[in-house]
Amino acid sequence: MGIDSNTLQADVSSTPQTSFDLPLSTGSILEIHTVCLPPQKTTFQKLKHRLSEIFFPDDPLHRFKNQTFLRKAVLGFQYFFPILQWVSSYSFSTFRSDFISGLTIASLAIPQGISYAKLANLPPIIGLYSSFVPPLIYSLFGSSRHLGVGPVSIASLVMGTMLSESVSYSQEPELYLGLAFTATFFAGLFQASLGFFRGAKCHFATLNSVLAPMNSVFAPMPLGFIIDFLSKATLVGFMAGAAVIVSLQQLQGLLGIVHFTKKMQIIPVMSSVFDHPNEWSWKTIVLGFSFLILLLIARLTSLKRPKLFWISAAAPLTSVIVSTVLVFLLKSELQDVSIIGKLPDGLNPPSAKMLYFHGRPHLGLAIRVGIVTGILSLTEGIAVGRTFAALQNYQVDGNKEMIAIGLMNIAGSCSSCYVTSGSFSRSAVNYNAGAKTAFSNIVMAGSVLVTLLFLMPLFYYTPNLVLAAIIITAVIGLIDYNAAFLLWKLDKLDFLACLCSFFGVLFISVPIGLAISVGVSVFKILLHVTRPNTMVLGNIPGTQIYQNISRYKSASTIPSFLIIGIESPIYFANSTYLQQRILRWVREEEERLQQKEENLKCVILDMTAVTAIDSSGVDAMYELRKTLMNRSIQFVLVNPVGSVMEKLKHSEILDLFRTNQLYLTVGEAVTDISSSWKA
């Protein structure tokens, strides 16, 4: 059979006597299909199609097709400003739901904002500033209806850790604040750049539908797929390790220790705890652990009964109020209890002049912190948004979210805010409270505004112990035991990446722990690429189906044939391995047949799962064919996909596979070649 073959008569009764029966009745006609080349395309068409599939898999221009110019303009504005999609149909009932939700998450956001700022070694007021401006920006540009925006624990921890390694807030407060705001600026710039260009592509489509195909190729490409390199295993271990470190760091507030390490490794933290037992305050311990137990009970109650979500939502603010009143009334007896002290009131002061764009060491530090915190906060924000979108059966545009989160951090860096994103705890409360649109974020921001203008003096006597209890309650949910157990069951390498991330964060540092786990994940990818799966296929009796003989016990090998399947593209990274592995299969099969006094006559390579091939792979096919021919063994290719066929044709190797060397299915190859041997 060759590429020009059509049909042939297969007389199975005249085939050599073996233990294998071909699944065709005597006298039946077997149609041999031609393996066709794909339609010819120009280099420009191939490049356009490839880039479109890589960077625009969801076809963001589909909404502009067959629309008038005016409609395209409206859709373009709605793309950049998702608030326009729902504001025209906004009703009083929706407003009521959003208003209640906004007030509810504000009761959680205010104490969390103050607490998380301390994680970043920033003044508590910065946490409140960060709960005012970013939610307003997100409500204009964000596509999620339920995402609760504000400071998040992990980004706060990473920022505080990385900045404190080089700059001390207590010694250089202005420099530390400037670097924090600069890191926030670069985090936002990085986040917005990941998703901006897809939005620009859609905007250009409103100008002229004729230009849309050109935009898909020549417009700068979105880089949002970079986030996909942070695997779930990496994040599970990283979040758990960070949660443990954050919780242990809060022992300073719960025990009342004054001299405490600024390092974020478990050994220095535990040393600080037990090296200063004389600083432990029994009053602080009693109050701190009492509020911690109450907060954990409230959280557990809401988890078991979702309808009582308001208990966990109101618990942090209630704890702040009760503890503040208690310390105020008993201030003479609780003098050794550490309090927040005076917080400045008023709106966010501008901070654009504090951004640090000069000086190599400090600028480099700000960029590094910005990129790391930007990736982490962006990953968390998009994951949280998609989680609650799936519950309500609507979609969250990942690139819109990148733009929205990036813009709110850029704006925040100029208004005394640090890195913010979507918080799972606030989003869960927002969802359970019945939020319908992003207007709930505006209500929350309004509540924070009232607090900044009129209520700041009330926080003077708020004890630090209650902030520590709030932080522990919030981050404890990041330890996902079930996810780690599932990783162990599903993929041991993923579990290893999870453990590397977890212990790296605990014993080395937060950034290095994350880097180690990413390295393990990349190693896993390289392992799969360089050592792909290969298998021997056998026929399932009574069918034309060929499957892995180690998986299907009923599948049997065919005498004189060795059928091998490859489940990977053939690239320079694995071509040598595949060539060696196939020759090993051949050697082992020859040894097995020699014991039966039989010979191996044909090797069939099933290329159905080979989605691509490069020049090294083509050379490997040529060398493999040459080696097998020298051993008088026929080499046959089955069902190479279109792109592989093109590469084989352009390399002129396809001309070597003439009659009986190229087939559409394994069944056709076996039947045709067996008949040709008899003929």
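Everything below is about the structure shown above.
A brief look at the structure comes next. (Residues numbered from 1 in each chain as written. Predicted model: local features only at pLDDT ≥ 70, side-chain atom pairs only at ≥ 80, totals over all residues. Heavy atoms only, no water.)

1. Some details on helix α21 (residues 492–507)
Working step 1: Taking 1.5 Å per residue, 16 residues should reach 22 Å; α21 reaches 22 Å between its end C-alpha atoms and fits that length.
Working step 2: Regarding α21, the residues found buried are Asp494, Phe495, Ala497, Cys498, Ser501, Phe502, Gly504, Val505 and Leu506.
Working step 3: The inward-facing, buried residues of α21 contact α10 (232–249), α12 (266–275), α20 (481–490) and α22 (510–530).
Working step 4: The N-capping residue of α21, defined by a side-chain oxygen 2.9 Å from the backbone nitrogen of Leu493, is Asp491. (Helix = DSSP H or I, 4+ residues; strand = E, 2+ residues; numbered from the N terminus. Expected span 1.5 Å × (residues − 1). Buried < 20%, exposed > 50% of the residue type's maximum accessible area, 1.4 Å probe, protein only. Contact = heavy atoms within 4.5 Å. Polar contact = N/O pair within 3.5 Å; in protein donor to acceptor, adjacent residues only side chain to side chain.)

2. Description of the packing of aromatic side chains
Aromatic ring pairs are defined here through the distance separating the ring centres and the angle between the ring planes.
Working step 1: A complete count under the given rule lists 19 aromatic pairs for this structure.
Working step 2: Ring centres 6.2 Å apart and planes at 25 degrees place the aromatic pair Phe503 and Phe507 in the stacked group. Linking Phe503 with Phe507, this pair stays in helix α21, spanning four residues, or about one helical turn.
Working step 3: Lys492 extends its terminal NZ or CZ atom over the ring of Trp488, reaching a point 4.6 Å from the ring centre. (Phe/Tyr/Trp six-rings, centres within 6.5 Å; stacked < 30°, edge-to-face > 60°. Lys NZ or Arg CZ within 6 Å of the ring centre and 35° of its normal.)

3. Here's the deal with the nonpolar core
Working step 1: If you look at the biggest cluster of nonpolar residues, it comprises 106 residues, and the most contacted ones within it are Leu122, Ile126, Met159, Leu163, Leu179, Phe238 and Leu452.
Working step 2: With 12 residues, helix α8 (residues 173–205) is the single largest residue contributor to this core.
Working step 3: Discounting residues that sit within four places of it in the chain, Met159 has contacts with Tyr176, Ala180, Ala183, Thr184, Val369, Thr373, Tyr418 and Val419.
Working step 4: By size, the runner-up hydrophobic cluster in this structure holds 31 residues, among which are Ile582, Met621, Leu624 and Ile633. (Core = buried A, V, L, I, M, F, W, Y, C linked by side-chain atoms within 4.5 Å.)

4. Let's talk about the packing of α20 against α21
Working step 1: Remark: α20 packs on α21, axes separated minimally by 6 Å, with the N-to-C direction vectors making an angle of 140 degrees. The pairing of α20 with α21 is recorded here as oblique in orientation. Facing α20, whose interface residues are Ala484, Leu487, Trp488, Lys489 and Leu490, α21 presents Lys492, Asp494, Phe495 and Cys498.
Working step 2: When its residues are assigned to classes, the contact of α20 with α21 shows six nonpolar, no polar and three charged. (Axes fitted to C-alpha atoms, helices over the stretch in contact; angles between N-to-C directions. Parallel < 35°, antiparallel > 145°, perpendicular 65-115°, else oblique. Nonpolar A, V, L, I, M, F, W, Y, C, P; charged D, E, K, R; others polar.)

5. Remarks on the pattern of salt bridges
Two side chains of opposite charge can pair, provided their charged atoms sit close to one another.
Working step 1: Under the criterion given, the structure shown has five salt bridges.
Working step 2: In this structure, the salt-bridge partner of Lys524 is Asp494, at a minimum N-O distance of 2.9 Å. Taken together, the residues span a long stretch of sequence, with Lys524 in helix α22 and Asp494 in helix α21 at a distance of 30 residues. One exposure class covers both Lys524 and Asp494, and it is buried. (Salt bridge = Lys/Arg side-chain N within 4 Å of Asp/Glu carboxyl O.)

6. Structural notes on the packing of helix α13 (residues 282–304) against helix α14 (residues 309–329)
Working step 1: Relative to each other, α13 and α14 sit at 165 degrees, their axes nearing to 7 Å. With respect to α14, the axis of α13 lies roughly antiparallel. Along this stretch, α13 crosses α14, giving a crossing that reads as right-handed. Here α13 contributes Leu287, Phe291, Leu295, Ala298, Arg299, Thr301 and Ser302 to the contact with α14, which in turn contributes Phe309, Ile311, Ser312, Ala315, Pro316, Ser319, Val322, Ser323 and Leu326.
Working step 2: Here the residues of the contact of α13 with α14 are counted per class, giving 10 nonpolar, five polar and one charged. (Left-handed = near helix turned anticlockwise from the far one by under 90°.)

7. Overview of the sheet that holds strand β10 (residues 662–663)
Working step 1: Read across the sheet, six strands follow the order β6-β5-β7-β8-β9-β10 without closing on themselves; strand pairing throughout is mixed. Strand pairing shows two members of the sheet lacking a second neighbour, β6 (546–548) and β10, which therefore form its edges.
Working step 2: As defined by bridge partners, strand β5 (residues 534–539) adjoins strand β7 (residues 561–566) across three bridges and the pair is classed as antiparallel. Each bridged residue has a counterpart across the sheet, and for Met535 the counterpart in β7 is Gly565.
Working step 3: Docked against the sheet, helix α23 (residues 575–594) engages β5, β7 and β8 (602–606), running at close to 150 degrees with respect to β7. (Pairing = 2+ DSSP bridges.)

8. Notes on the pairing of β7
Working step 1: Within β7, six of the six residues are buried, leaving the element largely enclosed by the surrounding structure.
Working step 2: Burial along β7 is two-sided: Phe561, Ile563 and Gly565 facing one way and Leu562, Ile564 and Ile566 facing the other are all buried.
Working step 3: Where β7 meets β8, five bridges bridge the pair, whose relative direction is parallel. By the bridge assignment for β8, Ile564 is matched with Leu605.
Working step 4: This β-α-β element, β7 to α23 to β8, shows right-handed connectivity. (Right-handed = clockwise from strand over helix to strand, strands pointing away.)

9. So, the pairing of β5
A regular strand places its side chains on the two faces of the sheet in alternate fashion.
Working step 1: By the criterion of burial, β5 is predominantly enclosed, with six of the six residues buried.
Working step 2: Burial along β5 is two-sided: the residues Thr534, Val536 and Gly538 and Met535, Leu537 and Asn539 are all buried.
Working step 3: Pairing between β5 and β6: three bridges, direction antiparallel. By the bridge assignment, Leu537 is partnered in β6 with Asn548.

10. Examining the side chain of Ser416
Working step 1: In this structure, Ser416 sits in the loop between α16 (398–413) and β4 (421–423).
Working step 2: A polar contact is formed between the side chain of Ser416 and the backbone oxygen of Pro349, at a distance of 2.6 Å.
Working step 3: Contacts of Ser416, omitting those with residues within four sequence positions, involve Ile126, Tyr129, Phe181, Pro349, Pro350 and Ser351.

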